[in-house]
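# Topology and contacts: notes
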Amino acid sequence: MSENTITFEIDGVEVQGAPGQTIMQAADAAGIYIPRLCAFEGLPPHGSCRICTVKVNGRFQSSCTQPVAEGIIVENDTEEILEFRRNLVDMLFVEGNHFCMFCEKSGNCELQALAYRLGITAPKYPFMFPANRTVDASHKDIFIDHNRCILCARCIRASRDLDGKNVFQFVGRGPEKHIAVNARARLVDTEVDVTDKAVEVCPVGAILRKHVGYAIPVGKRKYDHAPIGSDIEAQKH
Amino acid sequence: MSENFETAIRSMCEGVGNDKARMMDIVREVQETFGCVSDDAMDLIADQVRTPRVEVESVVTFYAFLSKKQNGTVVFRLCDDIIDRMFGFERLKHAITEELGIDIGETTADGRFSLETTPCIGMCDQAPALMINDEIFTEVSRDTLLDYVEQLKAGITPERLRRRLGDGNNSNPLVSAAVSNNIRTRGEVIFAPLECGRALKKALSMSPNEVIRDIKTARLRGRGGAGFPTGMKWDFTRAARGERKFVICNADEGEPGTFKDRVILTERPELLIEGMAIAGYAIGAQEGIIYLRGEYAYLRPFLEDMLQKARNTGMLGKAIFGKQGFDFDIRIQMGAGAYVCGEETALISSCEGLRGDPKNRPPFPAQKGYHGYPTSVNNVETFCCVARILDQGAGWFSQIGSKGSTGTKLLSISGDCRRPGVYEVPFGIKLCEVLEMAGGNGAVAVQIGGPSGQMVGPKDYNRTICYDDLATGGAMMVFGPNRNLLEVVHYFMEFFVEESCGYCTPCRVGNALLKDRLERIMEGKGEPADLDYLEDLGVTVKSTSRCGLGQTSPNPILSTLKNFRPLYEQLVHEDQPFQATFDIQKALGEAKSIAGRPSMHFAE
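Residues numbered from 1 in each chain as written. Chains lettered and ligands numbered in written order. Predicted model: local features only at pLDDT ≥ 70, side-chain atom pairs only at ≥ 80, totals over all residues.

Let us look at the overall build of chain B. Within chain B, the regular secondary structure consists of 24 helices and 14 strands. In terms of C-alpha radius of gyration, chain B reaches 25 Å, essentially the compact-globule figure of 25 Å for 604 residues. Reported as C-alpha extents along the three principal axes, the dimensions of chain B are approximately 85 × 65 × 50 Å. Per-residue burial for chain B yields a buried fraction of 53% across its 604 residues. (Helix = DSSP H or I, 4+ residues; strand = E, 2+ residues; numbered from the N terminus. Rg over C-alpha atoms; globule rule 2.2 N^0.38 Å. Buried ≥ 20, exposed ≤ 12 C-beta atoms within 10 Å, placed from the backbone.)

Across its full length, chain A holds six helices and ten strands. Taking 18 Å as the expected radius of gyration for a compact globule of 237 residues, we find that chain A reaches 19 Å, a close match to that expectation. Dimensions of chain A, computed from C-alpha atoms along their principal axes, come out at roughly 55 × 40 × 35 Å. The 237 residues of chain A split such that 46% are buried. Here the analysis covers contacts within chain A between residues at least 6 apart in sequence; of these, 66% occur between residues at least 24 apart. (Contact = placed C-beta atoms within 7 Å.)

So, about the pairing of strand β8 (residues 168-171) of chain A. Residues A:Phe168 and A:Phe170 point to one face of β8(A) and A:Gln169 and A:Val171 to the other, with burial holding for every one of them. Where β8(A) folds back onto strand β9 (residues 178-181) of chain A in an antiparallel hairpin, the turn is made up of six residues, including A:Gly172, whose phi is positive at roughly 75°. (Pairing = 2+ DSSP bridges.)

All right, on to the sheet that holds strand β8 (residues 329-334) of chain B then. All names here are of chain B. Strand order in the open sheet formed by four strands is β8-β7-β6-β9, with parallel pairing between adjacent strands. The sheet is open, and its two borders are formed by β8 and β9 (375-379), each paired with just one other strand. The sheet shows a mean angle of 25° between the axes of neighbouring strands, taken without regard to direction. With respect to the sheet, helix α15 (residues 380-392) is in contact with β6 (246-251) and β9, its orientation differing from that of β9 by roughly 95°. (Axes fitted to C-alpha atoms, helices over the stretch in contact; angles between N-to-C directions.)

The next point concerns the interface of chain B and chain A. Taken together, the 33 residues of chain B in the interface contact 31 residues of chain A. Looking at the side of chain B that touches chain A, the elements with two or more residues in it are α4 (53-60), α18 (485-499), α19 (505-522) and α20 (528-544) of chain B. When residues of the side of chain B that touches chain A are assigned to their parent elements, the largest contribution, seven residues, is made by α19(B). Residues that form the side of chain B that touches chain A fall into these classes: 14 nonpolar, eleven polar and eight charged. (Nonpolar A, V, L, I, M, F, W, Y, C, P; charged D, E, K, R; others polar.)

All names here are of chain B. Overall, mixed pairing links the four strands, which are arranged β2-β1-β3-β4 in an open sheet. Bordering the open sheet on either side are β2 (113-118) and β4 (135-137), each of which pairs with just one other strand. Geometrically, the sheet is characterised by an average inter-axis angle of 20° between neighbouring strands, direction not taken into account. Direction of pairing for strand β1 (residues 74-79) relative to strand β3 (residues 130-132): antiparallel, over a ladder of three bridges. Residue pairing across strands places Leu78 opposite Leu130, the latter belonging to β3.

What follows deals with the domain arrangement of chain A. Residues and elements named next belong to chain A. Domains assigned within chain A are domain 1 (6-77) and domain 2 (94-209). A separation of 26 Å is found between the C-alpha centroids of domain 1 and domain 2. With nine residues of domain 1 in contact, the opposing surface of domain 2 contributes 14 residues. Along the lines of polarity and charge, the residues of the side of domain 1 that touches domain 2 split into seven nonpolar, two polar and no charged. (Domains from an automatic or database assignment.)

Here we take up helix α17 (residues 431-438) of chain B. Residues and elements named next belong to chain B. Leu431, Val434, Leu435 and Ala438 are the residues of α17 that are buried. Along α17, the residues classed as buried sweep out an arc of 100° about the axis, all on the same side. Downstream of α17 by one or two residues, Gly439 has phi in the positive range, about 70°. (Arc of directions from axis to C-beta.)

Before going further, it helps to spend a moment on the packing of helix α10 (residues 230-239) of chain B against helix α12 (residues 269-283) of chain B. All names here are of chain B. Between α10 and α12, whose axes approach to 8 Å, the crossing angle comes to 50°. On the basis of the axis angle, α10 is oblique to α12. Here Trp234, Thr237 and Arg238 of α10 lie close against α12, whose contacting residues are Ala279, Ala282 and Ile283. Of the residues in the contact of α10 with α12, the class split is four nonpolar, one polar and one charged. (Parallel < 35°, antiparallel > 145°, perpendicular 65-115°, else oblique.)

All names here are of chain B. One way to put it is that α12 packs onto α15 with a least axis distance of 7 Å and a crossing angle of 75°. The angle between α12 and α15 places the two elements in the roughly perpendicular class. Counted together, Leu271, Leu272, Glu274, Gly275, Met276, Ile278 and Ala279 of α12 and Val380, Phe383, Cys384, Val386, Ala387 and Leu390 of α15 form the full contact between these two elements. Here the contact of α12 with α15 is built from residues that sort into eleven nonpolar, one polar and one charged.

Our focus in this paragraph is the domain arrangement of chain B. All names here are of chain B. When cut into domains, chain B gives domain 1 (3-60), domain 2 (78-98 + 114-163), domain 3 (184-399), domain 4 (408-479) and domain 5 (485-569). In this structure, domain 3 and domain 5 have C-alpha centres spaced 34 Å apart. Counting residues at the interface gives eight residues for domain 3, matched by eight residues for domain 5. Partitioned by chemical class, the residues of the side of domain 3 that touches domain 5 number five nonpolar, one polar and two charged.

Here we come to the environment of A:Arg154. Structurally, A:Arg154 is set in helix α4 (residues 154-162). On the basis of neighbour count, A:Arg154 is assigned to the buried category, with 26 C-beta atoms found within 10 Å.

Residue and element names in this part refer to chain B. Its 15 residues give α18 an end-to-end C-alpha distance of 21 Å, which sits within 8% of 21 Å, the value for a rise of 1.5 Å per residue. All buried positions along α18 are accounted for by Val488, Val489, Phe492, Met493, Phe495, Phe496, Val497 and Glu499. In this structure, the buried residues of α18 make contact with α5 (82-86), β14 (475-479), α19 and α22 (555-563). (Expected span 1.5 Å × (residues − 1).)

Here the focus is the pairing of strand β11 (residues 421-426) of chain B. Residue and element names in this part refer to chain B. As judged from the two bridges shared by strand β5 (residues 183-185) and β11, these two strands associate in the parallel manner. Bridge assignment links Thr185 to a residue of β11, and that residue is Tyr423. Counted along the chain from strand β10 (residues 408-415) to the antiparallel partner β11, the turn is five residues long.

As a further point, take the confidence of the model for chain B. Residues of chain B with pLDDT of at least 70 account for 99%, and the chain-wide mean is 96. Of the two predicted TM-score estimates for the complex, the pTM is 0.96 and the ipTM is 0.97. (pLDDT = per-residue confidence, 0-100.)

Below, the discussion takes up the environment of B:Ile104. All names here are of chain B. Mapped onto the elements of the fold, Ile104 is located in the loop between α6 (89-100) and β2. Look at Ile104 and you get partly exposed, because 15 C-beta atoms sit within 10 Å. Taking the C-alpha atoms as reference points, Ile104 and Lys93, separated by eleven residues in sequence, lie 8.3 Å from one another. When sequence neighbours within four positions are dropped, the list of residues in contact with Ile104 reads Leu115, Glu116 and Thr117.

A separate point is unusual backbone geometry. Residues and elements named next belong to chain B. Here Ala127 and Pro128 are connected by a cis peptide whose omega angle stands at -5°. Residue position: Pro128 is located in the loop between β2 and β3. With an omega of -10°, the peptide bond between Arg361 and Pro362 qualifies as cis. With respect to the secondary-structure elements, Pro362 resides in the loop between α14 (344-351) and β9.

Okay, the environment of B:Glu569 next. Looking at the secondary structure, you find B:Glu569 in helix α23 (residues 565-569). When the C-alpha positions of B:Glu569 and B:Ile521 are compared, they lie 9.4 Å apart, and in sequence the two are 48 residues distant.

Given below as structure tokens:
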């Protein structure tokens, strides 16, 4: 074992990490799944959805931003934290207008898959039914449906860091906060392209490609058979 | 778009070297000059400072004092906090909406007047208050307000409105504000007489590490509320590697009910500047920033003048007091109406010309702060304590107050008390003694530390003000027997919903859900299970939020559920009839109008 190895514990299991790694990265490598929505491999962590919250030495931290440290005790799969995660997923559902049964992303949607994994059948919070969410279908190949946006900033980061374009950014504050495009109003007036990573990384049905909806039949969609996180858990040696 | 407009915008950008990191200064100037930051203006700024347009929009839409929409030449901002609501906010609102013929959020047809409300402007001790452009007016009666409107209509500018100037430096021509200091008790640390420069000279005769050692020996803790040991923060910042280092003064006093920094900035700016220079010397910084909340813009010319005077006397600038190798200067960064910017990493974002979103930690500002350089952010009062510690000695300071909380604390006391104002008291004082001093006997509740703090009742009046018991950044709102405490709690939740930056899920969504459920209870439609709902949701928001705002925003509800539970219990009932969570007729409205007929299934 190299001297640069950091040893710590997740739910009583000894895990090895490297300096500079986050708790989430080390957990992934060890085959321990920590649920997440805004985190995405290859993008800098954002720390906004808070679903990856874990307890580190008794303090709550987002595991996508918290670095590993020697000897830390991390709680991940505990009833206290699972309850927080269910509450956070519930919040994201009631905050927007999500209509899984008609959504092109159904079966491939990370929000939906996470709700299933956490055992949520219906949100416990009342729906907010926001009326200020719009749809931008101005672009010939891509559309944005703000009703389904969960403000994870994956598109912002991917456009900036992977596509080198800065097509997306947040505007507004608090309940008014939403994704805007780098133009006065419409997506078609930006540099966005259907092959952009920013279009691909959306975890929900907020940024979608046109012409390809429902192409994958029920039964063959990403989360039809194995719950979200199974790929990470399959890494377990 | 006129050529003049374009030239003006471009020259405003050039004024800050086309530096996009100075975006706050650019958009503030555009707003001030043109009454908005329009789409055209955003395009030009983006082009001139070479940043994506949406980045400019992102900043403009974040701050309450900036707008895409055209404002009137004169903007009235009525201070809408709970204390102002108790002392006549509604009366003023009614008078001015009637007089101008517009509602809150609107502008008169002639484009002269806009009407807005804004949370606490730091004048709770002299409520009701309002801003007219950058000018502050306090203890405003209906008649005075109407008189102001009349003068303004006659063409008098807000700066020239007839007013009675306040005491002390409020009457200084550079301030000329109708604001009173209301200093009620003067302690030994902040308000004692002062010999300017002596503390800094003493610091310069020591090594930086010795200065930090003194601050540690004095056991000074941050005065903003969190109470982090100042010496330790400086140690980290000093030890961190960086080509440049920064000292930032957090003068974004936004916690409703707090106004003590306003009084320090008015009466003790020399002490603050000296404390910042000492901090610069101790951590090895050459540059300091005072982040001044937009509401205190009226103090800016005065503070700029004080900085200039400090430069003239050698307290700022190159080779300070002849000490070769120690250069330090301070600039003022204006905020623009965002409570969250009082959170130190959000404040740094704002200084960098960004939205006031907090940053992920680690890294902490001491390691990577302003533009990635090691930065120490401290409260106004903390810097003043620093200067006094250097002047009078760490031993002297640590004798004042209690063991874990040394020195004095400035309290901002407002509400149902006979003597609202600023009190400098030693830590360890009992709450009941403070209430006695302020004439708040008979209080049924006291909000300690502002909305993010806690509400306590008479059974806690024997507790002490200190970091280990009733910790506070200084706000103390007193509520008498005739106040509806749940209305207070509701106001606080409205405030947090409004002021959440919206970055993280629990704070953005959870606070709105908390407020909604509280409303249901207040309407008499709640069930006992709703109290568990509030607690469960409150704990989720507190535990999972990303920054101090969300980690404290459920406190009004959680602390009143704990200390004033009967208020809730008397409103909730078992066996509530079926309650619709939404109005089906309203929801169907648009569909019905498209179809041109009423719903077949959901008849009215």
